[in-house]
Amino acid sequence: MDHLDVLIVGAGISGIGAACYLERERPGTSYALLEARGASGGTWDLFQYPGIRSDSDLHTFGYEFRPWTADESIAGAADILDYLRQTASEYGVDSHVRYHHKVVRASWSTPEARWVVEVERSDTGDRDRISCRWLFCASGYYRYDQGYTPHFQGVDDFRGAVVHPQHWPDDLEVAGRRVVVIGSGATAVTLVPALADDAEHVTMLQRTPSYVLPIPSVDPLTRVARRLLSPDKAHALMRRKHILQQRLVWRFCQRFPGAARRFIRWVNTRELPDGYPVDEHFNPPYDPWDQRLCLVPDADLFQAISRGDASVVTDHVETFTEDGIRLRSGRVLEADVVVTATGLNLLPFGGIDLEVDGEPVRLPDRVVFKGLMLSGVPNFCVAIGYTSASWTLKVGLLCEHWCRLLDYMDAEGYDVCRPEVSDPDMPTRPLLDFAAGYVQRSIDELPRQGDRFPWLMPVNYHTDAKVLRTGRVDDEHLHFAAALEVESA
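Residues numbered from 1 in each chain as written. Predicted model: local features only at pLDDT ≥ 70, side-chain atom pairs only at ≥ 80, totals over all residues. Heavy atoms only, no water.

**Student:** Even after reading the chapter, I still don't get the packing of aromatic side chains, so can you show me in this structure?
**Tutor:** Two measures describe an aromatic ring pair: the distance that separates the ring centres and the angle between the ring planes. This structure, assessed with the given rule, holds 24 aromatic pairs. Judged by centre distance (5.9 Å) and plane angle (80°), the ring pair of Phe47 and Tyr49 falls under edge-to-face. By the burial criterion, Phe47 is buried, and Tyr49 matches it. Centre to centre, the rings of Tyr211 and Tyr286 are 5.6 Å apart; their planes meet at 80°, and the pair counts as edge-to-face. Of this pair, Tyr211 sits in the loop between β10 (201-206) and β11 (212-215) while Tyr286 sits in the loop between α9 (278-281) and β12 (294-297), placing them 75 residues apart in sequence. Exposure remark for Tyr211: the relative accessible area of 3% places this residue in the buried category. Taking the relative accessible area as the measure of exposure, Tyr286 reaches 15% and is therefore buried. By way of ring pairs, the aromatic residues Tyr21, Tyr63, Phe65, Trp68, Tyr83 and Tyr91 are connected into one cluster. (Phe/Tyr/Trp six-rings, centres within 6.5 Å; stacked < 30°, edge-to-face > 60°. Buried < 20%, exposed > 50% of the residue type's maximum accessible area, 1.4 Å probe, protein only. Helix = DSSP H or I, 4+ residues; strand = E, 2+ residues; numbered from the N terminus.)

Below you can see the structure in the form of structure tokens.
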């Protein structure tokens with residue numbers, strides 16, 4: 001059986017990043033990335049719908065150790081995918097990826113101080129086993145094979161095409177056709193202006209409005225910094241600037257939700273035609289950042305609405321008809337194509353069946369340690385990023401801390417590291433304090449977080465940076481052991 005120091009599950013932005021940190025911080029560590037699909041890039045290779053782009057700036061969504069050099073801060077999937085694959089090639093990570101390797105089960109053996117990972121080959125159907133000292137789960141949080149679409153009455157009667165953005169057909173033609181996009185989140189506000197360039201008309205049908213905030217696609221300060229500073233210094237400056245900007249916007253929305261709501265409404269009113277019903281279509285019933293803000297570069301959504309190429313309808317679907325959708329109000333939206341931008345299905349840790357010494361690991365019974373490990377599960381790490389800032393900001397800090405932890409264990413002669421909750425009565429709460437529908441549908445399937453350090457999940461990058469980048473790794477809640485000690489015990 002093939003044995004490695006580290007197995008990384010997933011070759012997306014988190015998995016490639018983790019592998020790069022190993023290359024940078026721990027040369028000589030043997031590792032492989034197990035990718036279920038036939039290509040790297042994760043989300044940015046899977047999603048093919050028109051206009052797909054990041055909803056975080058690439059100065060922080062990209063890696064700290066490799067500058068983002070394009071002009072646009074908010075980038076499209078093709079540019080992000082190029083960036084990821086170039087990074088993997090530059091650090092030699094791409095040669096460590098094993099494609100069509102889907103991890104179905106991972107079993108920890110305390111006597112052997114190792115994981116045995118069962119892999120299904122999606123290209124041949126064969127089963128393989130690989131052992132490792134550490135298992136790093138970087139598979140993201142949603143199902144790659146199935147997006148979320150609620151049941152719609154009468155959908156089988158509709159004579160047009162119904163598609164989910166996660167499974168966009170290569171041959172779907174929208175030119176000159178009437179399109180209805182159901183949804184109001186980041187995917188919907190991306191799709192509408194992209195489709196409006198060719199379609200006869202695009203309608204965004206939403207049950208509940210979202211907060212939508214226009215931003216410039218190119219940050220003027222970026223060009224100035226690159227003209228005056230070296231590439232590395234310009235990258236560092238812009239990264240700090242965007243980290244601070246994200247934090248200030250989030251804190252302002254949390255502390256002054258009424259003022260934040262009024263500001264966003266004022267911005268929306270400026271971008272939309274005079275007399276537009278802003279409160280009907282862009283005034284959510286919740287406070288800003290209770291769900292993620294939808295960013296629209298260069299106000300492209302508002303421009304499509306202002307031109308008359310797109311419109312917004314706030315109503316409920318009553319039933320599909322042969323030619324469109326009848327709403328609860330009685331209004332009928334005629335359509336040739338309906339896009340269900342209705343969200344994701346969560347799949348914690350890639351759906352891997354975990355067990356420790358023959359006992360199944362039930363995720364809701366576990367508490368996350370420093371956002372990196374699970375209580376009672378040895379030598380297992382998971383990449384969980386921010387929801388109120390760029391995902392990769394947190395993942396980068398976790399990888400730094402993990403590499404330092406591995407260095408410490410090597411120096412002390414330890415082979416096993418296991419977090420344990422010392423207070424069995426410690427109150428716990430959901431892992432993600434986020435009201436998005438796709439999170440709330442699956443929140444009970446996720447691990448928990450505690451009410452105190454190190455079991456609490458901070459949402460502040462600067463706090464995390466102090467703890468994870470410079471804080472001690474030999475935490476009192478971590479139990480270390482050498483293989484010989486484990487065997488004798």
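Read on, since the account is not over.
**Student:** Sorry, what's going on with the pattern of salt bridges here?
**Tutor:** Two side chains that carry opposite charge are able to pair once their charged atoms sit near each other. One pass over the structure, following the stated rule, counts 34 salt bridges. For Arg121, the salt bridge identified is with Asp123, shortest N-O distance 2.9 Å. Assessed through its relative accessible area of 41%, Asp123 is described here as partly exposed. In this structure, the salt-bridge partner of Arg265 is Asp279, at a minimum N-O distance of 2.7 Å. Placement of Arg265 in helix α8 (residues 257-271) and of Asp279 in helix α9 is noted, with a sequence separation of 14 residues between them. Salt bridges sharing common partners tie together Arg26, Arg133, Asp407 and Asp410. (Salt bridge = Lys/Arg side-chain N within 4 Å of Asp/Glu carboxyl O.)

**Student:** What is the right way to look at the nonpolar core in this model?
**Tutor:** Considering soluble globular proteins, one finds that nonpolar side chains tend to be buried as a cluster. Grouped together as the largest cluster of nonpolar side chains are 98 residues, with contacts concentrated most on Ile8, Trp134, Val181 and Phe282. The biggest single contributor to this core is helix α11 (residues 391-412), with eleven residues. Non-local contacts of Ile8, meaning those with residues more than four positions away in its chain, are made with Gly15, Ala18, Ala19, Leu22, Tyr31, Ala32, Leu33, Leu34, Phe136 and Ala138. Counting residues in hydrophobic clusters, the runner-up holds 36 residues, among them Leu7, Ile352, Val416 and Leu431. (Core = buried A, V, L, I, M, F, W, Y, C linked by side-chain atoms within 4.5 Å. Contact = heavy atoms within 4.5 Å.)

**Student:** What should I look at first to understand the sheet that holds strand β17 (residues 337-340) in this one?
**Tutor:** Hydrogen bonding along the main chain pairs the strands of a sheet, whether they run parallel or antiparallel. Sheet architecture is open: five strands sit in the order β8-β17-β9-β10-β13, paired in parallel fashion. Lying at the two open borders of the sheet, with one neighbouring strand each, are β8 (161-163) and β13 (310-314). Averaged over all adjacent pairs, the angle separating strand axes in this sheet is 20°, with direction ignored. Bridge analysis of strand β9 (residues 178-182) against β17 gives four bridges, and the strand direction is parallel. The partner of Val180 across the bridge, within β17, is Val338. The strands touched by helix α5 (residues 186-196) are β9, β10, β13 and β17; relative to β10, the strand with the most contacts, the crossing angle is about 165°. (Pairing = 2+ DSSP bridges. Axes fitted to C-alpha atoms, helices over the stretch in contact; angles between N-to-C directions.)

**Student:** Honestly, helix α10 (residues 300-307) in this entry has me stumped. Any pointers?
**Tutor:** An α-helical turn contains 3.6 residues, so any two residues separated by three or four positions project in the same direction. Buried within α10 we find Asp300, Leu301, Phe302, Ala304 and Ile305. In this structure, the buried side of α10 is in contact with α5, β11, α8, β12 and β13. Immediately downstream of α10, the backbone of Gly308 shows phi near 90°, a positive value.

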